[in-house]
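Examining the three-dimensional arrangement
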2 protein chains.
Amino acid sequence: MKKGLLQSALIISLLGAATSASQAEVRIQGAIDFRESIMTTFKWYMGPMGSMVKGRMPFDAELFKSRAEGLVKATRLDLAEGYPKGSVGDSEAKPEIWENWDEFEAKIQSLRDEAAKLQEVAATGDEAAIKAQFGETGKVCGSCHKQFRSKK
Amino acid sequence: MKKGLLQSALIISLLGAATSASQAEVRIQGAIDFRESIMTTFKWYMGPMGSMVKGRMPFDAELFKSRAEGLVKATRLDLAEGYPKGSVGDSEAKPEIWENWDEFEAKIQSLRDEAAKLQEVAATGDEAAIKAQFGETGKVCGSCHKQFRSKK
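The structure contained in this document is the topic of the report that follows. Being a predicted model, the structure only gives us computed values, none of them experimental.

Of the transformation placing chain A onto chain B, the axial shift is 0.0 Å and the rotation is 180 degrees, giving an RMSD of 0.0 Å. In the structure described here, the two chain copies are related by an operation that fits a two-fold rotation axis. Minimal C-alpha distance to the rotation axis in chain A is attained by serine 37 of chain A, lying at 2.2 Å. Of the interface residues in chain A, 100% have counterparts in chain B that sit at the interface too, so the contact is made through matching surfaces.

Here it is, written out as structure tokens:
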């Protein structure tokens, strides 16, 4: 009986641990979905701007302006919130993110700054300046991916 | 020879059509990914607020405030842009969206308005008022999904 009780207690405690683990996994997956969704909105805005810069699409100042504006709005979402400590899970995030958290946050801030500059420059309609600033914005993406994203 | 030329012309033209079709599909998929990403950010913000309202999580006024603020930012992205005409593709969007475009856009605007009110109310810390306004916000989601989203 005593053994039976102990066994039951053990089973209940293991079940509890399993539930917590799966709740933690659900929370981590939610954060991954959130941050990857923000990246997808970046892609939506950056894509046509990139095509225009690379000459795969005719340059359209109005379209550029609108996409730059959208990008700024997307960078206002709190991307860092999508990276709770150690939340690698099934994603391309490197553990280096949490070892260099200040640097990671600084890169997110750089993206906000460069996107805001892109929106300003896009409003002038100066094609050369717009293309140069698009390059600066893309560099922030690349630099962050290089340091903090594993290739899959 | 003439037949050969005609056949070649036909093949080239079919290939061209296939390329255009697949480019159109890629464009539609990009729009679907964009709009579904925005919805995922809504879920990220609404989730913990819903848990607090339903008592599955203790009410935390600061967390509520921060999620309401995030939701407002997410509603500032141009969701309608993610619905180019007829872009059902592999998604839950109903064709009714484009048959009732003004109504669809009005619902998006309602979400912005209700989320902005939620942020205001959340700042007061008045739990009952916050919960009531969360309900109003959720109603807009539900009403739009009921009319314009097919169950899958």
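Below, the discussion takes up the pattern of salt bridges. Any two side chains of opposite charge can pair, given that their charged atoms come close. Residue and element names in this part refer to chain A. One pass over the structure, following the stated rule, counts 10 salt bridges over all chains. Between lysine 73 and glutamate 69 there is a salt bridge whose closest N-O contact spans 3.8 Å. Of this pair, lysine 73 and glutamate 69 both sit in helix H2 (residues 61-75), 4 residues apart, which is roughly one turn of that helix.

Turning to the environment of phenylalanine 64 of chain B, a few remarks are in order. Residues and elements named next belong to chain B. Within the secondary structure, phenylalanine 64 sits in helix H2 (residues 61-75). Using a relative accessible area of 0% as the deciding quantity, one classes phenylalanine 64 as buried. For the pair phenylalanine 64 and isoleucine 108, spaced 44 residues apart in the sequence, the C-alpha separation amounts to 22 Å.

A word on the packing of aromatic side chains. Scanning the entire structure with this criterion turns up 15 aromatic pairs over all chains. Taken together, a centroid distance of 4.7 Å and an interplanar angle of 15 degrees make the contact between phenylalanine 34 of chain A and tryptophan 44 of chain B stacked. With phenylalanine 34 of chain A in helix H1 (residues 2-53) and tryptophan 44 of chain B in helix H1 (residues 2-53), the pair connects residues from two separate chains. As far as the burial class goes, phenylalanine 34 of chain A and tryptophan 44 of chain B line up, both buried. Ring geometry for phenylalanine 59 of chain B and phenylalanine 64 of chain B: centres 5.7 Å apart, planes at 35 degrees, overall tilted. Among the aromatic residues, those joined into a ring-pair cluster are Tyr83, Trp98, Trp101, Phe104 and Phe148 of chain B.

Moving on, we get to the side chain of glutamine 133 of chain B. All names here are of chain B. Considering the arrangement of structural elements, one finds glutamine 133 in helix H5 (residues 127-148). Relative accessible area serves as the criterion here: at 10%, glutamine 133 is assigned to the buried category. Residues contacting glutamine 133, with those up to four places away along its chain left out, are Glu114, Lys117, Leu118 and Val121.

On the surface, Asp78, Asp102, Glu103 and Glu105 of chain A cluster together into a patch of negative charge. When you line up the elements, glutamate 103 of chain A lands in helix H4 (residues 101-124).

Residue and element names in this part refer to chain B. The interhelical angle for the contact between helix H4 (residues 101-124) and H5, taken along N-to-C directions, is 165 degrees, at an axis separation of 9 Å. Considering their axes alone, H4 and H5 lie roughly antiparallel with respect to each other. Read as a crossing pair, H4 and H5 show a hand that is left-handed. Taken together, the residues of H5 that come into contact with H4 (itself represented by Glu103, Phe104, Lys107, Ser110, Leu111, Glu114, Ala115, Lys117, Leu118, Val121 and Ala122) are Ala129, Ile130, Gln133, Phe134, Glu136, Thr137, Val140, Cys141, Ser143, Cys144, Gln147 and Phe148.

As a further point, take the nonpolar core. If you look at the biggest cluster of nonpolar residues, it comprises 65 residues, and the most contacted ones within it are Met49, Phe64 and Leu71 of chain A together with Met49, Phe64 and Leu71 of chain B. Beyond its immediate sequence surroundings of up to four residues, phenylalanine 64 of chain A is in contact with Met49, Met52, Val53, Phe59, Leu118, Ala122, Ile130 and Phe134 of chain A.

We now examine the state of the cysteines. Residue and element names in this part refer to chain B. Taken as a whole and assessed by the stated rule, the structure comprises 0 disulfides over all chains. Here cysteine 141 is not disulfide-linked; the sulfur of cysteine 144 is the nearest cysteine sulfur, at 8.4 Å. With relative accessibility at 21%, the residue cysteine 141 sits in the partly exposed group.

Moving on: the interface of chain A and chain B. Interface size is often expressed as the accessible area that is lost when the parts come together. At the junction of the two partners, chain A supplies 19 residues and chain B supplies 19 residues. When chain A packs against chain B, close to 1500 Å² is buried across both sides, 67% of that on carbon and sulfur atoms. In this structure, the connection of chain A to chain B is made through 4 residue pairs in polar contact (both at pLDDT 80 or more). Broken down by secondary-structure element, the contributors of at least two residues to the side of chain A that touches chain B are H1 and H2 of chain A. No other element matches the 10 residues that H1 of chain A contributes to the side of chain A that touches chain B. When the residues that make up the side of chain A that touches chain B are grouped by side-chain class, the tally is 7 nonpolar, 6 polar and 6 charged.

Criteria and thresholds
- Residues numbered from 1 in each chain as written.
- Chains lettered and ligands numbered in written order.
- Predicted model: local features only at pLDDT ≥ 70, side-chain atom pairs only at ≥ 80, totals over all residues.
- Heavy atoms only, no water.
- Least-squares fit on C-alpha atoms with pLDDT ≥ 70 in both.
- Contact = heavy atoms within 4.5 Å.
- Salt bridge = Lys/Arg side-chain N within 4 Å of Asp/Glu carboxyl O.
- Helix = DSSP H or I, 4+ residues; strand = E, 2+ residues; numbered from the N terminus.
- Buried < 20%, exposed > 50% of the residue type's maximum accessible area, 1.4 Å probe, protein only.
- Phe/Tyr/Trp six-rings, centres within 6.5 Å; stacked < 30°, edge-to-face > 60°.
- Patch = residues over 30% accessible without salt bridge, like charges linked within 9 Å, V, L, I, M, F, W, Y side chains within 5 Å.
- Areas by Shrake-Rupley, 256 points an atom, 1.4 Å probe, with all protein chains shown as cover.
- Lys, Arg positive; Asp, Glu negative; His and termini not counted.
- Charge placed at Lys NZ, Arg CZ, Asp CG, Glu CD.
- Axes fitted to C-alpha atoms, helices over the stretch in contact; angles between N-to-C directions.
- Parallel < 35°, antiparallel > 145°, perpendicular 65-115°, else oblique.
- Left-handed = near helix turned anticlockwise from the far one by under 90°.
- Core = buried A, V, L, I, M, F, W, Y, C linked by side-chain atoms within 4.5 Å.
- Disulfide = S-S within 2.5 Å.
- Buried area = accessible area lost by both parts, 1.4 Å probe.
- Polar contact = N/O pair within 3.5 Å; in protein donor to acceptor, adjacent residues only side chain to side chain.
- Nonpolar A, V, L, I, M, F, W, Y, C, P; charged D, E, K, R; others polar.

Remember, this is a structural readout, not a statement about activity or role.
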